[in-house]
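# Examination of the molecular architecture
Residues per chain are reported as follows:
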Amino acid sequence: RSPDINNYFDELERYTLLLSALCHDIDHSGRNNAFESSSYSRLSIKYNDESVLENHHSASAFKILSQEKYNILAKLPDNEFKTLRKFMISNILYTDMKKHFELLKAFQIKAPSIKENIEEFRGNEQERKILSGTIIHAVDLYAPTKVFSISKIWAMKINQEFTNQVQEEISLGLTPTPFMQNLDQPQIMAKQEIGFIKAIVRPLWAELNSFLNDYLSEAITNCDKNLEEWRKIQEEN
């Protein structure tokens, strides 16, 4: 049985998680941070090449919320708004893939003590940021945890986005991103999906699943099944 999430997060923090998940990709450019920086885009200049898109998503969310007709947080006391804003920014910045291994390692180190001493965790802001950031990062990488019929659709959409980026890189005279090339070939796309699931998605979800006492076991099963399906595609082509 999953640990009661209420033990880890109060109502405001649970709301912050939901809002972070909804807003973490607002106004995405369809390109990655490396492209934004190498092309010296408006966003890369604005955010000094640091988590360019994630800073933009967070800032865009709060720009919308600052408008009276969209401000669903208007009635929050000032101290609660400041807490929500702090954690929401942290959550969204943790979706930067550059921070993946740093976050995963931090969660692996902290998870046992968090489970053993919830009261101490409740008073530790950094640990609360690590747990909430891990949850939002996992949510961002959810597609490979779904059944293959759904996972494949999202993989194809994302790989088309990658292909579009390569085409733009070529048109701008930039070096094409290696892992984004030739994804129209099924065996290449399958190889990339296998590597992504094995190296990134499954380890992250497995750690979160362990923390939640196998509550996410279906997601892990789907990852494993999807690996097999992609291997079949790779072998058939």
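Everything numeric in this text was worked out from a predicted model, so none of it was measured. (Residues numbered from 1 in each chain as written. Predicted model: local features only at pLDDT ≥ 70, side-chain atom pairs only at ≥ 80, totals over all residues. Heavy atoms only, no water.)

Further remarks concern the environment of Leu-73. Tracing the backbone shows Leu-73 in the loop between α4 (52-65) and α5 (78-93). Between the C-alpha atom of Leu-73 and that of Gly-123, which follows or precedes it by 50 residues, the distance is 24 Å. If we ignore the near neighbours within four places in the chain, the residues touching Leu-73 are Tyr-15, Leu-19, Leu-65, Phe-81 and Leu-84. (Helix = DSSP H or I, 4+ residues; strand = E, 2+ residues; numbered from the N terminus. Contact = heavy atoms within 4.5 Å.)

Time to look at the side chain of Thr-177. When you line up the elements, Thr-177 lands in the loop between α9 (148-171) and α10 (186-211). Of the residues examined, Thr-177 reaches a relative accessible area of 12% and is grouped as buried. There is a polar contact of 2.7 Å between the side chain of Thr-177 and the side chain of Glu-169. The contact partners of Thr-177, leaving out residues within four places of it in the chain, are Gln-165, Val-166 and Glu-169. (Buried < 20%, exposed > 50% of the residue type's maximum accessible area, 1.4 Å probe, protein only. Polar contact = N/O pair within 3.5 Å; in protein donor to acceptor, adjacent residues only side chain to side chain.)

With that settled, consider the nonpolar core. In a soluble, globular protein the nonpolar side chains are often hidden away together inside. The biggest cluster of nonpolar side chains holds 36 residues, and the ones touching the most others in it are Leu-131, Phe-211 and Trp-230. Mapped by element, the contributors of at least two residues to this core are α6 (100-116), α8 (125-140), α9, α10 and α11 (217-236). With 10 residues, the top contributor of residues to this core is α10. The residues contacting Trp-230, other than those within four sequence positions of it, are Phe-148, Lys-152, Ala-155, Met-189, Ala-190, Glu-193, Ile-194 and Ile-197. Of all hydrophobic cores here, the second largest spans 10 residues; its members include Leu-19, Cys-23, Leu-84 and Ile-92. (Core = buried A, V, L, I, M, F, W, Y, C linked by side-chain atoms within 4.5 Å.)

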